[in-house]
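One-letter residues, chain by chain:
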Amino acid sequence: ETAVFQTPNYHVTQVGNEVSFNCKQTLGHDTMYWYKQDSKKLLKIMFSYNNKQLIVNETVPRRFSPQSSDKAHLNLRIKSVEPEDSAVYLCASSYRVNTEVFFGKGTRLTVV
Amino acid sequence: GDSVTQTEGLVTLTEGLPVMLNCTYQTIYSNPFLFWYVQHLNESPRLLLKSFTDNKRTEHQGFHATLHKSSSSFHLQKSSAQLSDSALYYCALRSGSFNKLTFGAGTRLAVCP
């Protein structure tokens, strides 16, 4: 099966903890993304990686950092989570510019 | 920067009536790509339609949209709403040389019997 796979599906953690989310795509795409979907369902891009190079880095807090080992993997680490980080984090991938993105099922983070 | 504006909030329709969800965009680039994504409950967004050709209608799964660069619009339409169309719909814009998709705020469509 070719798709975008994310783990974990859900994660509950306390303020100040560190969390990591994994994402793998088997679509053969060359670009991967992390999006944040907040409680109002707004979709905001956080990071974009093309051939292991960060090409878009929106003004996200420094505690967020993407990590990529190859073009099929893009993980997201959050150091010292805060309550406003509670959201669904969607990983996505695409092939080349100006094509559609394919989303994973998301990781729902709850910070208590 | 790029921006996308959609019909705000919730659109409620009776089954069988036509669907029209508005989408307008702003970009300084002349060759925008426009997309409609649909997100059903507890699922991730998936592509519904896409277009980069001016004034050409694109169709999929009963929905259609036409990119009009003159009015910077890409409205989503369907002739007859079905209960299964109830979902969150996002209009999205990709333009310029940046590998970024800019999403609108989303429009929730609720179709009632």
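Rules and cut-offs
Residues numbered from 1 in each chain as written. Chains lettered and ligands numbered in written order. Predicted model: local features only at pLDDT ≥ 70, side-chain atom pairs only at ≥ 80, totals over all residues. Heavy atoms only, no water. Core = buried A, V, L, I, M, F, W, Y, C linked by side-chain atoms within 4.5 Å. Buried < 20%, exposed > 50% of the residue type's maximum accessible area, 1.4 Å probe, protein only. Helix = DSSP H or I, 4+ residues; strand = E, 2+ residues; numbered from the N terminus. Contact = heavy atoms within 4.5 Å. Disulfide = S-S within 2.5 Å. Buried area = accessible area lost by both parts, 1.4 Å probe. Salt bridge = Lys/Arg side-chain N within 4 Å of Asp/Glu carboxyl O. Polar contact = N/O pair within 3.5 Å; in protein donor to acceptor, adjacent residues only side chain to side chain. Nonpolar A, V, L, I, M, F, W, Y, C, P; charged D, E, K, R; others polar.

## Considerations on the nonpolar core
Grouped together as the largest cluster of nonpolar side chains are 24 residues, with contacts concentrated most on Trp36(B), Leu48(B), Leu76(B) and Tyr89(B). Sorting the residues of this core by element identifies strand E2 (10-14), strand E3 (19-21), strand E4 (23-26), strand E5 (33-39), strand E6 (46-51), strand E8 (63-66), strand E10 (87-94) and strand E12 (107-112) of chain B as the ones contributing at least two each. With 4 residues, E10(B) is the single largest residue contributor to this core. When neighbours within four sequence positions are excluded, Leu48(B) is seen to be in contact with Trp36(B), Tyr37(B), Val38(B), His60(B), Gln61(B), Phe63(B), Leu76(B) and Tyr89(B). Listed in part, the 19 residues of the second largest apolar core include Ile78(A), Val81(A), Leu109(A) and Val111(A).

## Some remarks on the state of the cysteines
Residue and element names in this part refer to chain A. All chains considered together, the criterion is met by 2 disulfides over all chains. Note that cysteine 23 is cross-linked by a disulfide to cysteine 91, the S-S spacing being 1.9 Å. Taking the sign of the S-S torsion, -80 degrees for the link of cysteine 23 and cysteine 91, the bridge is left-handed. Placement of cysteine 23 in strand E3 (residues 19-25) and of cysteine 91 in strand E9 (residues 87-94) is noted, with a sequence separation of 68 residues between them.

## Some remarks on unusual backbone geometry
The step from Thr7(A) to Pro8(A) runs through a cis peptide bond, and the omega angle for that step is -5 degrees. If you trace the backbone, Pro8(A) turns up in the loop between strand E1 (4-7) and strand E2 (10-13). In this structure, Ser80(A) is a non-glycine residue whose phi angle is positive, near 55 degrees. Looking at the element boundaries, Ser80(A) is found in the loop between strand E8 (73-78) and E9. At Gln61(B), a residue that is not glycine, the phi angle is positive and equals roughly 55 degrees. Mapped onto the fold, Gln61(B) is located in the loop between strand E7 (57-60) and E8. When its relative accessible area of 47% is taken as the criterion, Gln61(B) is described as partly exposed.

## Overview of the interface of chain A and chain B
Taken together, the 24 residues of chain A in the interface contact 19 residues of chain B. Regarding the contact of chain A and chain B, the summed buried area is about 1,700 Å², with carbon and sulfur atoms giving 55% of it. Counting the contacts that link chain A with chain B gives 1 salt bridge. For Glu100(A), the salt bridge goes to Lys50(B), with nearest N and O atoms at 2.9 Å. Linking chain A with chain B are 7 residue pairs in polar contact (both at pLDDT 80 or more). At the level of secondary structure, the elements contributing two or more residues to the side of chain A that touches chain B comprise strand E4 (31-37), strand E5 (43-50), strand E6 (53-57) and E9 of chain A. Residues that form the side of chain A that touches chain B fall into these classes: 11 nonpolar, 8 polar and 5 charged.

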